[in-house]
Amino acid sequence: MALNRPCGYYDESYGQDMAIVRTRLQWVILIGGLVLLFALPIFASGRILSVLNAIAITLIAVHGINILTGYCGQISLGQSAFVAVGAYITGILTSKLGFSFWACLTCSALGAGLVGLIFGLPSVRIKGFYLAMSTLAAQFIIPVVIANPLSGITGGWDSLVVKPIEIGGVVFRTQASMFYIIIPLAVLMTFFAKNLVRTGTGRAFIAIRDNELAAEVQGINVFAYKLLAFFICSVYAGVAGCLTAYWIKALNPTNFTLMNSIWYVGMMIVGGMGSTAGAVFGVVFLRTLEEITKISSSYLATIFVTWGPFLQGGLSPIVYGLVITLFLIFEPRGIAHWWEIFKASYRLTPFAY
Amino acid sequence: MEAILQYIVSGFLTGGVYSLMAMGMVLLYKSTGIFNFAVGQMMMLGAFVCWTLHVQMTLPLWLSIILTLIFCGLLGLVIERLIMRPLIGQPLLTAILVTLSLSYLLTGIATGIWGGYIQAMPEILPTSPVSLGGIIFPNDLLLSFFLAMAFFALLFFCYQRTRVGLAMRATAVSHQIAQARGINVRMVFSLSWILCAVILAICGVIASFRLGISQYLAQAGLRVFPAILFGGLGSVGGALIGGLTVGMLESLAGGLIAPWMMEVTPYIILLLVLISRPGGLFGQKGIERI
C-alpha cells in the first residue's frame, strides 16, 4: 500500500498518514459519487432501484464473509443461514410484537451474531476444510429448524409477512424510499469494514490468516479473535437479513439456500479476497451479470424457440458457475487486482514503473 | 419395539447407498486431496442420463446403465482435465469453491436439459415387500442395499489387491514418493475422478428408483458428508461404517422424534463428530509440521 501512494502528496502529520481519502481528486470523486448515488431515485426507474437495493443488501452480507474468510482465513459456507436468522428475527419482532425499525435492526444484528458465535465454536479445534463442513451444517440445520420446530412463530413453509418500515410516521414502502434506508446503511457498513481491517483487531485477523502458530507466538489470542471474526461476520449477516426482511416483505425458508451461501463466497472470490473494494466490485459485477442473464435469457428464448426451455432454466446457473470457475483458474486475485493495476499505472504515467 | 426395529432396518438398508457414495468421495480425497462438493449434482446427472437412455430412447436397462457409466466416466475425465488440473497446488478455499461452482454448473445443465420436473424410473421390482417376523424389507431398498454392497466389495477388492489400486494407495501416502517410484500421479488423479464420477452415477441410478429423479436427488446426495466425516475422511472402511450408521440414526430420529429430524440429524451428527473427534472414528490424527 505504502509504495503506491499518489505522486506529489507528502504527509505532514499522523492524521494525513492514516487518512483513507488523501488527495483532492479522491475527495471530489467520493463526494460527487455519494451525491449522485443519493440523487438517483429522482431520475432512475423502480427496476434499477430494486437492483441497486439488492446489490446493497448483498454487499453487507459479503462484507461480513470477507472479514471472516478474506481477512481471518476461516472458511464459512453458511452465511445465508445467518442472514436467515437476522431476517426472521426482524420478521417476528416487527409483525408479531410491533418493534420499531431500529430495535429490529439491533436485535437482528445481535441475534445473528450470537448464532454465528455458536457455529463458530468448533473453530477452536478444527480448521480449513473441517470448519467449512461445520458451517455447511449450519446452512442445513438453520432453515429446517426455522421451518419445522419454530413454525409456530415463523410460519413454517408458509411465508411470514413483514410490515414495512415506519420511522416517525413516515412509511417506507416503495423501492425509492427503501433506497434511502438501505444505501446509507450499506455505505456505513462498508466504511466500518474498511476501517476495521486497519485497526489492531484487523491486523490480528490477518496474522491468524497468514500463519496461526506465528500469530499465537506473537501474543494474539487466536481463539478469541477467531470467535470475534465469526461474531462480526454474523452481525453483518444479521443486518443484511433485517434489510432483506423489509425489502422482500414475505419471508420463506426457501429464500435462504446453500446456493445463496455459495453465491456470497463466489462474489468475494470474483471481487478479490481480503479487499473491501473487492467485495464491492464482486457484488456489483455478479449482480449486474445476474440481471443481464435474466433479461437476455428470456430474450434469447424468444429467438431460439427450440432452445427456449434450456435458455430460461439453465442459462443463469451455467453462467454463474462458469464465471466463478474461470476467475478461480485465471484470476484468483479477483477484480480488485485489476483495480490495483489501474491505480498504479494511473499514478505512474508517463513512466512504466 | 417392532417399530424401532423397522426404523433400524430401513435406515440400515438406506445407509448402504451412503456407504458407496462415501467410498467414491474418500477414494477421490485420498489420492487428490480434493473434496468433491458437487456430489449431489453428479448423482443427479447420472440418474437423468440413465432415465433418458432407458425411458426416452427405450434401450434395455442394462445397456443404458453401462452407457451412463461410460458417459459419467468421461464427464469425470473432462472435469479433471479442464477444471481441476489447472488448480493443483492452489489454496484450500479455491479447491472447495471450484467444486461448489461446478455444482452450480451441473445444476444449470440439468435444469436446462431436463427441466424442473420429477421423472420416475419404471418399476422393475414386484411391489409386494419381503416380510420377516413382522419387519418389512421393501424390495427397492433391499435391492439398492445389495447392489451398493456388491459394488463396494468389488471396488474395495480392486483398491486392495490390484496394481492400479496399489498405485492409488501409494499416491494417497505421498505424491512425491509415488512419483519417484514410477507411478504416473497425473494418471491416478484422472483415474480417481473417473472412478468417483462412475461411483456417484451408480449411486444416482440406484437412488433414483426410490426417490425419483429431480433436483431433490442432488439435495439428498449432500447427506453423504456426515457419513464420510463420521468414519474419517481418509478411511475406506470408515466410509462403510459411517454410511450405515448415519443411515440408521437418521431413520431412527426421523421415525421416533419428528419427520423433519430426518433432514437435520446427519448434520447434527456431523457437528458432534467435528467437535469431539475431528479426525472421525477411523481417521488418522493430523500432525502439523511447524
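Residues numbered from 1 in each chain as written. Chains lettered and ligands numbered in written order. Predicted model: local features only at pLDDT ≥ 70, side-chain atom pairs only at ≥ 80, totals over all residues.

Focus: the overall build of chain A
Check the secondary structure of chain A and you find 15 helices and 4 strands. In chain A, the share of contacts with a sequence separation of at least 24, taken over all contacts with a separation of at least 6, comes to 75%. (Helix = DSSP H or I, 4+ residues; strand = E, 2+ residues; numbered from the N terminus. Contact = placed C-beta atoms within 7 Å.)

So, the overall build of chain B
The helix and strand inventory of chain B stands at 12 helices and 2 strands. Going residue by residue from the N terminus, the α and β elements of chain B occur as α-α-α-α-β-β-α-α-α-α-α-α-α-α. The globule rule puts the C-alpha radius of gyration for 290 residues at 19 Å, and the 19 Å found for chain B is close to it. Each of the three principal axes of chain B carries a C-alpha extent, and together these read 60 × 50 × 35 Å. (Rg over C-alpha atoms; globule rule 2.2 N^0.38 Å.)

Quick word on the interface of chain B and chain A
Chain B puts 38 residues into the contact, and the matching count from chain A is 36 residues. Elements represented by at least two residues in the side of chain B that touches chain A include exactly helix 4 (92-114), helix 10 (224-231) and helix 12 (261-276) of chain B. For the side of chain B that touches chain A, the element with the most residues is helix 4 of chain B, which contributes 17 residues. Across the side of chain B that touches chain A, the residue classes tally to 28 nonpolar, 9 polar and 1 charged. (Nonpolar A, V, L, I, M, F, W, Y, C, P; charged D, E, K, R; others polar.)

Thoughts on the domain arrangement of chain A
A common way to express how large an interface is: the accessible area buried when the components associate. Residues and elements named next belong to chain A. Each assigned domain of chain A is listed here: domain 1 (59-256) and domain 2 (259-353). Just the C-alpha atoms count here: the centres of domain 1 and domain 2 sit 23 Å apart. Looking at the side of domain 1 that touches domain 2, the elements with two or more residues in it are helix 3 (46-71), helix 4 (79-96) and helix 8 (175-196). (Domains from an automatic or database assignment.)

Considering unusual backbone geometry
At A:Lys249, a position not held by glycine, the phi torsion is positive, near 70°. Among the secondary structure elements, A:Lys249 is positioned in the loop between helix 11 (222-248) and strand 4 (250-251). On the neighbour-count criterion, A:Lys249 (15 C-beta atoms within 10 Å) is partly exposed. We note that B:Thr58 has phi near 50°; this positive angle belongs to a residue other than glycine. Tracing the backbone shows B:Thr58 in the loop between helix 2 (39-56) and helix 3 (61-84). Overall, B:Thr58 belongs to the exposed group, with 8 C-beta atoms counted inside 10 Å. (Buried ≥ 20, exposed ≤ 12 C-beta atoms within 10 Å, placed from the backbone.)

Things to note about the packing of helix 5 (residues 139-161) of chain B against helix 8 (residues 185-211) of chain B
Residues and elements named next belong to chain B. Packing of helix 5 against helix 8 brings their axes to within 9 Å, and their N-to-C directions diverge by 170°. Relative to helix 8, the element helix 5 is oriented roughly antiparallel. Seen from helix 5, the contacting residues are Asp-140, Leu-141, Ser-144, Leu-147, Ala-148 and Phe-151; seen from helix 8, they are Ile-202, Ile-206, Phe-209 and Arg-210. Its residues assigned to classes, the contact of helix 5 with helix 8 shows 7 nonpolar, 1 polar and 2 charged. (Axes fitted to C-alpha atoms, helices over the stretch in contact; angles between N-to-C directions. Parallel < 35°, antiparallel > 145°, perpendicular 65-115°, else oblique.)

Comments concerning the packing of helix 10 of chain B against helix 12 of chain B
Residue and element names in this part refer to chain B. Two elements in contact, helix 10 and helix 12, have axes separated by 8 Å at closest approach and are oriented at 30°. Taken together, helix 10 and helix 12 sit at an angle that is classed as roughly parallel. Crossing of helix 10 over helix 12 shows left-handed handedness. Two secondary-structure elements touch here, helix 10 through Phe-225, Pro-226, Leu-229 and Phe-230 and helix 12 through Pro-266, Tyr-267, Ile-269, Leu-270, Val-273 and Leu-274. (Left-handed = near helix turned anticlockwise from the far one by under 90°.)

Topic: the confidence of the model for chain B
All names here are of chain B. Chain-level pLDDT for chain B is 85 on average; 96% of the residues reach the 70-or-more range. Per-residue pLDDT, averaged within each element of chain B, yields its smallest value for strand 1 (residues 130-132) (74) and its largest for helix 3 (92). Across the assembled chains, the prediction reports ipTM 0.85 with pTM 0.89. (pLDDT = per-residue confidence, 0-100.)

Quick look at helix 11 of chain A
Relative to the 39 Å expected for 27 residues at 1.5 Å per residue, helix 11 of chain A spans 38 Å between its end C-alpha atoms, a close match to the ideal helical length. Phi for A:Lys249, located one or two positions after helix 11 of chain A, is positive at around 70°. (Expected span 1.5 Å × (residues − 1).)

Quick notes on the confidence of the model for chain A
Considering every residue of chain A, the mean pLDDT works out to 86; 97% of them sit at 70 or more. Mean pLDDT across the elements of chain A ranges from a minimum in helix 7 (residues 151-154) of chain A, with 77, to a maximum in helix 11 of chain A, with 93.

Focus: helix 8 of chain B
At 3.6 residues per turn, the α-helix brings residues three or four places apart onto the same side. Residue and element names in this part refer to chain B. An ideal rise of 1.5 Å per residue puts 39 Å on 27 residues; helix 8 measures up with 37 Å between its terminal C-alpha atoms. For helix 8, the tally of buried residues reaches 22 of 27 residues, placing the bulk of the element in the interior. Positive phi appears at Gly-212, one or two residues downstream of helix 8, with a value of about 75°.

Points about the environment of B:Ala167
Residue and element names in this part refer to chain B. Assignment of secondary structure puts Ala-167 in helix 6 (residues 163-173). For Ala-167 and Gln-90, which are 77 residues apart along the polypeptide, the C-alpha to C-alpha distance reads 24 Å. Residues within four places of Ala-167 in sequence aside, it is in contact with Ile-183 and Val-188.

What to know about the environment of B:Leu87
Of note, B:Leu87 is situated in the loop between helix 3 and helix 4. Considering only alpha carbons, one finds B:Leu87 and B:Leu13, 74 residues apart in sequence, at a separation of 38 Å. When residues no more than four places from it in sequence are discounted, the contact partners of B:Leu87 are A:Leu328, A:Ile329, B:Thr94, B:Ala95 and B:Val98.

What to know about the environment of A:Lys343
Along the chain, the position of A:Lys343 falls in helix 15 (residues 335-348). Between the alpha carbons of A:Lys343 and A:Pro6 there is a distance of 9.2 Å; along the sequence they are 337 residues apart.

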